Every structure is written in C-alpha cells, then in structure tokens.
Amino acid sequence: MDVTPGQLMHAVEVDTLCKSYYKSTPVLKGLSLQVPLGKIYGLLGPSGCGKTTLLKCVVGRLKPDAGVVQVMGGRPGKPGHRVPGNLIGYMPQDLALYQDFTVSETMYYFGRIFHMPSQEIDRQTDFLVSLLELPSKRRLICQLSGGQQRRVSFACALLHRPPLLILDEPTVGVDPLLRQCIWNHMLSIVNNRERPTSIVITTHYIEEARQGHMVALMRDGRLLAEAEPQELLDRYNDSSLESVFLKLCEMDSEDSLPDTSAAASSTSVAANAAASTSEIVTENSPLLPKPSNHDRSLNSSPAGATSNSNDGDSLPNLLYKEYVPLGDSLRSVFALPSLWHILAVVGKNFNNLRRRLTFLAFQFILPIIQIVLFCVCVGGDPFGLTLASVNLDSSGELGAKFMTYLDNNTFHVKPFKSLEEARTEVRNVRAWAVLSLGSNFSTDLLARFSNPTAATNATLSGGSVHLQLDNSNYQVSLMIQKSVAESFQKFAGDLLSQFGLSPELVSLPVVMDAPLLGTDNPSFTEFMAPGMIVTIVFFMATGLTALSFVLERKEGLLDRSLVAGVTILELMLGHMLTQLLIMAGQTGLLLFFSLVVFQVPCHGSVLWVILLALLNGFTGMSLGLMISALCSAENSAIQAALGTMYPNLLLSGIIWPAEAMPQYLRFISRGLPISQSVEAMRSVLSRGFGFTAAPVYLGFVSAIAWASGLLLLALLLLRIRGI
Ligand SMILES: Nc1ncnc2c1ncn2[C@@H]1O[C@H](COP(=O)(O)OP(=O)(O)OP(=O)(O)O)[C@@H](O)[C@H]1O
C-alpha cells in the first residue's frame, strides 16, 4: 500500500476508514477520500459527524479500526515516515497552547522540534505575527484574546512551512476580514510554485470553503459528496454550498441505508441526487486517481499537484528536507529518541519553570525544611519533664541527697508533701511521673548496702526509689525511667565508695563492651536519619514528576507535540532530564544540611551516600512518571503520590525496625522500593560499609530494578493510553 515518491498523487488518501471510540457506536463508517497534492480540501459537516476524528486518524493520533490512511505517501506512524513529524503542520480544534508562554516562546518550542535554526524561527515568527495581525510576539498567550490565541495556534501549524497542513477549524472566532486574510495566505502557499502546500481544513463557515479547490460534505461518519465547489453548485443548481449541503442531507435522510460503506452510501446519494454524479460521490475505488477538471487548480498549482498529474519531480519539493539533521531518518527508522526533540521538551519545561520561580524555589526549600525539622525535632532526648517528687524520708539525709542527683536538664522537680497531691498533679497532666521516697529510705538503703543478704522485702522496698508514670507517652516514660535509674546508679555508687565498697556493686551484671558496628551511644536520630534522607529524596522526586503528563495533557500541547513528531519516549526523557536537574539540586541541599549542618554521623564514604540518594531520587521520579501516566486528573495524581508515601514510610523500617513487624509484613517490607535503600544508607552512614558489602550493593540493585520497572510500566501505560 505504501507509495514510492514517484507515484505520489495525493497528500492524503483514506480508504474505507472505520473508527469508533466505543465498539457499539462507530464514528467513521467506511469513509474514503482523497486530498490532491497542492490543493485546499475543505471538510464540511455538522457538529459531531466525525471531522476531528478523521483528522486525528490522518495525523496519526488515532489508529483506524479498519481501512487504510496514507499521508504523503506513507502510513502515519510508519518508521522513517515523517508523519507524525515535520511533513505536516497540525492545528487541533482545542487551543493547545501554553498560557504562560509568550508567542515567541511558543514558536521556539515548535521550531526546535522541527530542527529550525533560530534565525529562521525569528523570521517566520515575525512574518506570521504580521500576517495574522497578532500583537507583540513578546506578549503572553494568556494576555491575548480568544481569537488572537487561535491565530497563534494557526501560526504554530504554519511555522515550519510543512507540505501538508491539517487545520481543524482555524477560522473559529476570527473576524471576517482576518478570515479572508487567512484564506488568502492559504491560497498563496498552495499556489507557491517552489513549495506548494496541500491543506485539509474543517470549518463551520461553509461558504468560506468555496475558496478551496475541493470540498467534502460529511454526515454521520460518511462522505455525502466530494467535489470542486463550483461543480457542486452547478450540479444542484444552487448559489450556496450551505443549501447544497442541506439538500444532500435531506436526500441522505430519505434514503438512509443501514450500511457502513462509504461507497455504498455515496452511490445511494448519487442515485437520488442526479443521474450522473460520479464527481460528487466517492468512487468505489477511492485510491485510484480521479480525473479532475479543476481549471483554477491547474493554473495556480504549478507543482502539477492535480489528482491526475503523476509528477515525480514535484515530490522532492514537497518533502522539504532542510530541517532534517543528518542521520535523523536513520534514527526514526530505528525509533531512537531524537536529541533535538528531547532538548526542545527540556527547554520548554525550563521555560515553564522560569515562569514559576516561586514553585521552583519551593522545590529547593521544601527538602531543607524537612531535614531541618527532622534533625531539630526528632531523635533528641526529652528535657524539662515535670516530676512530682515526694520525699517522705525522715530516717536520714539520703533521700534529700538522692534528689540532688536527679538530672536538672531532664527534670523539672516539683516537690509535694503527700503522695496523693503528687498523683493528682500527674492525673491532671501537669507532671509526667510521681517520684517518691519512703519514710525509712535512708535506713533501709543503708541496711541493703551494709548487709545485702539480710535484706527483707520491706527493706528492699523502703530503700528503693518509687516511680509512678504517665505511661501514655512511651518515649517520655522510657526516658524518665532511664534517667532516674542512671541518677540512682550514680548516687548509690558514690554512697558505696564512702563505705569503702566498690561502686561497681550497683552496676548491671551485663557489661556492654565496645560495639562492633555503630557507635557507643546510638541516638534515635542515627536510626532514623538514613530513612529520612532516602524518603525525602524519593518522595520529593515523586511529587515533582507525578503531574508531568497530567499537566501536559491539561495544557493541551501534548497532542500537538506528538503530531509534530515528538515520541512518547522523547517526552518522557525530556521530563526526566528536567526533573533530574532539580532533583540533583534538592539532593545536594538535603545532604549538605544533614551531613554538614546537622552533623548526622557518616562512618562510610560520602560518595556512596550521594550516589544512593541520587539513585533513590531517580526511582522516585520513575514512580512519579508512572503515576502521571496512569492518572488523568491532577487530584488523582496527587492522591496517588501521597497514597504511596505512608505505606512506604511505615513498611520500610524507617520509623520502627522492620524486625518488629509480623513475618508476612517483613516479607512485603523487603520488596518495597525504598526498604533496601534505607538499609544500604544505614549501612554506609552508621556501619561504615563500602559498596562491596551485601546490604549496600543490594540497595543499589533494588533501586535500579525498581526504577527500570517503573519506567517501563510508565512507557507502556503511555503507549496503551495513547498518552
Ligand atoms: N475521545 C472521545 N471519546 C468518545 N467519544 C468521542 C471522543 N471524541 C469524539 N467522540 C465522539 O465522536 C463523535 C465525532 O466527534 P468529532 O469530534 O470527530 O466530531 P466533529 O465533526 O469534529 O464535531 P465538531 O464539528 O463539533 O468539532 C461525536 O459523537 C463525539 O461525541
């Protein structure tokens, strides 16, 4: 079916095209048409008849269910064929412009995609701004009127002077004078001897289509007629295309047949319409070249681009090659990503960020705030805890002496006369614990120490420090117990030395030798810091990318970029590259604040810490891209990103050791994206391990495996959804 350049006669050939969005309701029902080279082809029809659907099949944004579409001699999407690509200029029905870009920036984005040199982009932009009577090219799109925005959209399609223009309602919202100006320009580019252009245009202003070379009247997914405008008017003896169209619709309604073939329907229309209307109806073999007697086109289209002129020489003129860099055809044959396209997307993304400096600043400030808050708020020892003390010791001075051993920094000691008063203080949440010493504290303690074997239960209890806690806060309770026990050990040790006894007698029977890994006195910060660093980097990157494609879709430029030849992979790489730079900045700041400013201990090599953090940022980005490929709406993408955060935080052994989880959860925990990385980070920071240690390289392997899996999934989802 593919045509060699020498045979090319039609810019677009559609043969028995069927397309439905939902299987039960076909939108295009076996439609066939041919757009001659170097002509303006007006596609007319009521709203909802399938014009846009047809154009989307032509530009390769929709895949036909059945039938064949050929554009500039090849099927859209065929490797090596520049459709989608720079063979066409597409103006979609939606505005499809970034509101925050200037006219010039918009042009530059497309110009870069089409490999146009800067001077050429500037020259064309100036020309189009003047032709389409646009205000300054430095004006933001959002500051233009609706009609002006549509003209910018039109200008984008014209920018690289493609051999085929597909224009979906370019004149909507444009005043009559300017509409005529647009038509004049279209006629001039079609008639340009050196670079004739073919144009397919849909319009609701039926009469303006008279200026075109061919019109096709569509209804309900079928073609009612396809002919030169004057022929249609002559045939139906009418003065307006609108009346002709109404007549055809009436005849079609009277004779509506439940068939799905364009040929059949067209033939039936023809039978009703006139005895010999072979020019009006679509022929049974639509891909055969049709004879044309269109004088105007013959006169004005010197490229010999009439339907029956098989002029092989005209083709090189039509398939402009000047913007195709060396090796580009080869690249597209093998579906390799184009650096030009990626850089165009990156440039566009940075331009976008430049306009949102507050957002960008926030992206860098947020990880700093998070790590600062973590280092300041988490892992430190509680202090200033109110302790309700009751010293009833009347048997000596030891009770009062012990009170002086309590840590003044940890405790704010509030003395009470009775136990009941002190307990009320705790019950009213004004103190964390009651610390009481019995009336025989001094004598019982001395009895314990002087003759431990003779100590009775009553002596043991009387010579002890009693604590009654508000146990609602586990960490505070633990802290109080630990601090009081340490104070007692010190106090008792000093007392024993006074008796000439060894203070070691009050030491615990378990002796803590120097640790094999980690530090002597590990803090909770040390336990949590590796997890926090990995988590912040990971989820900042997820948040950064989760909206990438969602916003692309919303802003509407996506369709246009894809038709311009940017592939899904290139778009993804472009987004990744942009976010990678931001993520690298975030990671740098995060590590600087945690390792340098807050001195989180790092016993291993900083290099592994940096690489591991960056790799996790990359995995987070991949998760974000997958979410943005999956979700259509912003709020669902945000919820998905947030939704993945808490299970990961809880299950990855960041807040509490995974060893405390039930067996089955431990199994799940080990397989999560950040679990192994957290363990690897802990191994480098606290244990001082290098890359060859299993926990470290497993962290790298796990992160790489997750990143690759998520990216492949994102790519697959984007391909399946058509983005
Ligand atoms: N993405 C979609 N999903 C489901 N149905 C769709 C989709 N896009 C279009 N349709 C349906 O397909 C039919 C043809 O739509 P299409 O946009 O092609 O019509 P049109 O002739 O371009 O209309 P208009 O002139 O109003 O733009 C309509 O019934 C429309 O509701």
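Listed in UniProt under the heading Subcellular location (unreviewed entry), the comment for the protein chain reads: "Membrane".

(A) Spotlight on the overall build of the protein chain. Scanning the protein chain from terminus to terminus reveals 27 helices and 13 strands. Relative to its 723 residues, the protein chain shows a buried fraction of 52%. A separation of at least 24 residues holds for 75% of the contacts in the protein chain among residues at least 6 apart in sequence. By element, 60% of the accessible surface of the protein chain is carried by carbon and sulfur atoms, the whole surface being about 32100 Å².

(B) Summary view of the site of the ligand. The immediate surroundings of the ligand are formed by 14 residues, with Ser47, Gly48, Thr52, Thr53 and Gln93 found nearest. Within the side chain of Tyr21, an N or O atom sits 3.4 Å from a nitrogen atom of the ligand. Measuring from an oxygen atom of the ligand, one finds a side-chain N or O atom of Gln93 at 2.4 Å. Burial of the ligand by the protein chains amounts to 62% of its free accessible area of 630 Å². Every element with two or more residues in the shell around the ligand is listed here: β1 (10-22) and α1 (51-58). The element that contributes the greatest number of residues to the shell around the ligand is α1, accounting for 3 residues.

(C) Geometry of the sheet that holds strand β8 (residues 214-219). Strands sit in the order β5-β6-β7-β3-β8-β9 across an open sheet of 6 strands; the sheet is mixed. Whereas interior strands pair on both sides, the edge strands pair on one side only; in this sheet they are β5 (88-91) and β9 (222-227). Within this sheet the neighbouring strands show an average axis-to-axis angle of 15 degrees, counted without direction. Strand direction decides the pairing type here: β8 and β9, joined by 5 bridges, are antiparallel. Note on β9: the bridge partner recorded for Arg219 is Arg222. In the packing of α1 onto the sheet, the strands contacted are β3 (40-44), β5, β6 (164-168), β7 (198-202) and β8, and the crossing angle to β6 comes to about 150 degrees. Across the sheet, helix α4 (residues 146-158) is in contact with β5 and β6; its angle to β5 comes to roughly 165 degrees.

(D) Local environment of the packing of helix α13 (residues 357-377) against helix α22 (residues 568-597). In the contact formed by α13 and α22, the axes pass within 9 Å of each other and the chain directions differ by 30 degrees. With respect to their mutual orientation, α13 and α22 come out roughly parallel. The two elements α13 and α22 meet at a crossing, and its hand is right-handed. Contacts from Leu360, Gln363, Phe364, Pro367, Ile368, Ile371 and Val372 in α13 reach Ile582, Gly585, Gln586, Leu589, Leu590, Phe593 and Ser594 in α22. Grouping the amino acids of the contact of α13 with α22 by side-chain chemistry returns 10 nonpolar, 4 polar and no charged.

(E) Inspection of a nonpolar patch on the surface at higher detail. Taken together, the side chains of Tyr474, Leu478, Tyr646, Leu650, Ile655 and Trp656 present a nonpolar region at the surface, about 650 Å² in accessible area. Within the residue set of the nonpolar patch, elements represented by two or more residues are α18 (474-498) and α24 (634-651). Here Ile655 falls in the partly exposed class, since its relative accessible area comes to 34%.

(F) Broad picture of the environment of Ile40. With respect to the helices and strands, the residue Ile40 is situated in strand β3. Remark: the alpha-carbon pair of Ile40 and Gly212, spanning 172 residues in sequence, is separated by 4.8 Å. Apart from the residues within four sequence positions on either side, Ile40 is in contact with Trp183, Met186, Leu187, Val190, Ile199, Ile201, Gly212, His213 and Met214.

(G) Main features of the nonpolar core. Leu167, Met186, Ile199 and Met572 are the most contacted members of the largest nonpolar core, which has 105 residues in total. With 12 residues, helix α19 (residues 524-545) is the largest single contributor of residues to this core. Each of domain 1 (5-87 + 162-318) and domain 2 (339-375 + 523-721) contributes no fewer than three residues to this core. Core analysis: the next-biggest nonpolar cluster, separate from the first, contains 34 residues, Leu33, Leu54, Val71 and Leu87 among them.

(H) Representation of the side chain of Ser477 in the model. One can find Ser477 in helix α18. According to the relative accessible area criterion, Ser477 is buried, its value standing at 2%. With near-sequence residues (within four places) excluded, Ser477 lies in contact with Leu469, Asp470 and Asn471.

(I) Region of the structure containing the pairing of β6. In terms of burial, β6 is largely enclosed, as 5 of its 5 residues are buried. Going residue by residue along β6, you find Leu164, Ile166 and Asp168 tucked away on one face and Leu165 and Leu167 tucked away on the opposite face as well. Bridging between β5 and β6 involves 4 bridges; their strand directions are parallel. Its bridge partner being in β6, Tyr90 is matched across the sheet by Ile166. Alignment of β6 against β7, held across 5 bridges, turns out to be parallel. Bridging from a neighbouring strand, Ile166 pairs with Val200 of β7. The handedness of the β6 to β7 crossover, carried by helix α5 (residues 176-190), is right-handed.

(J) Up close: the pattern of salt bridges. The full count for this structure, using the stated rule, is 18 salt bridges. Of the charged contacts, one joins Glu420 and Arg427 as a salt bridge, the two residues approaching to 3.2 Å between their closest N and O atoms. Classification of Glu420 as partly exposed rests on a relative accessible area of 43%. Looking at Arg427, the relative accessible area reads 57%, which means it is exposed. Where Arg430 meets Glu425, a salt bridge forms, and the shortest distance between an N and an O atom there is 3.3 Å. What emerges from the salt-bridge pattern is a single network uniting Glu105, Arg354 and Arg355.

(K) Just the packing of aromatic side chains, in detail. Under the definition given, this model contains 13 aromatic pairs. Taken together, a centroid distance of 4.9 Å and an interplanar angle of 40 degrees make the contact between Tyr98 and Phe101 tilted. Aromatic side chains Phe524 and Phe527 sit 5.7 Å apart centroid to centroid with 40 degrees between the ring planes, which places their arrangement in the tilted category. Of this pair, Phe524 and Phe527 both sit in helix α19, 3 residues apart, which is roughly one turn of that helix. Among the aromatic residues, ring-to-ring pairing joins Phe402, Tyr405, Phe488 and Phe491 into one connected group. The side chain of Arg179 reaches across the aromatic face of Tyr205, ending 3.7 Å from its centre.

(L) Focus on helix α2 (residues 103-113). Judged by how many residues are buried, α2 sits mostly within the fold: 9 of 11 residues are covered. Residues of α2 that are buried: Val103, Ser104, Glu105, Thr106, Met107, Tyr109, Phe110, Gly111 and Ile113. Tucked into the core, α2 has its buried residues touching α3 (118-131), α4, α12 (339-354) and α21 (557-563). The positive-phi residue at the C-terminal boundary of α2 is His115, with phi of around 60 degrees.

(M) Up close: the packing of α12 against α22. Contact geometry for α12 and α22: axes closest at 8 Å, N-to-C directions at 45 degrees. Taken together, the axes of α12 and α22 lie oblique to each other. Viewed along their axes, α12 and α22 form a crossing whose handedness is right-handed. Along its contact with α12, which presents His341, Ile342, Val345, Val346, Lys348, Asn349, Phe350 and Leu353, the element α22 presents Glu570, Leu571, Leu573, Gly574, His575, Leu577, Thr578, Leu581 and Ile582. Class assignment of the residues belonging to the contact of α12 with α22 gives a composition of 10 nonpolar, 5 polar and 2 charged.

About the cut-offs
- Residues numbered from 1 in each chain as written.
- Predicted model: local features only at pLDDT ≥ 70, side-chain atom pairs only at ≥ 80, totals over all residues.
- Heavy atoms only, no water.
- UniProt positions renumbered as here; feature names shortened; annotations may be inferred.
- Helix = DSSP H or I, 4+ residues; strand = E, 2+ residues; numbered from the N terminus.
- Buried < 20%, exposed > 50% of the residue type's maximum accessible area, 1.4 Å probe, protein only.
- Contact = heavy atoms within 4.5 Å.
- Areas by Shrake-Rupley, 256 points an atom, 1.4 Å probe, with all protein chains shown as cover.
- Near = heavy atom within 4 Å.
- Polar contact = N/O pair within 3.5 Å; in protein donor to acceptor, adjacent residues only side chain to side chain.
- Pairing = 2+ DSSP bridges.
- Axes fitted to C-alpha atoms, helices over the stretch in contact; angles between N-to-C directions.
- Parallel < 35°, antiparallel > 145°, perpendicular 65-115°, else oblique.
- Left-handed = near helix turned anticlockwise from the far one by under 90°.
- Nonpolar A, V, L, I, M, F, W, Y, C, P; charged D, E, K, R; others polar.
- Patch = residues over 30% accessible without salt bridge, like charges linked within 9 Å, V, L, I, M, F, W, Y side chains within 5 Å.
- Salt bridge = Lys/Arg side-chain N within 4 Å of Asp/Glu carboxyl O.
- Core = buried A, V, L, I, M, F, W, Y, C linked by side-chain atoms within 4.5 Å.
- Domains from an automatic or database assignment.
- Right-handed = clockwise from strand over helix to strand, strands pointing away.
- Phe/Tyr/Trp six-rings, centres within 6.5 Å; stacked < 30°, edge-to-face > 60°.
- Lys NZ or Arg CZ within 6 Å of the ring centre and 35° of its normal.

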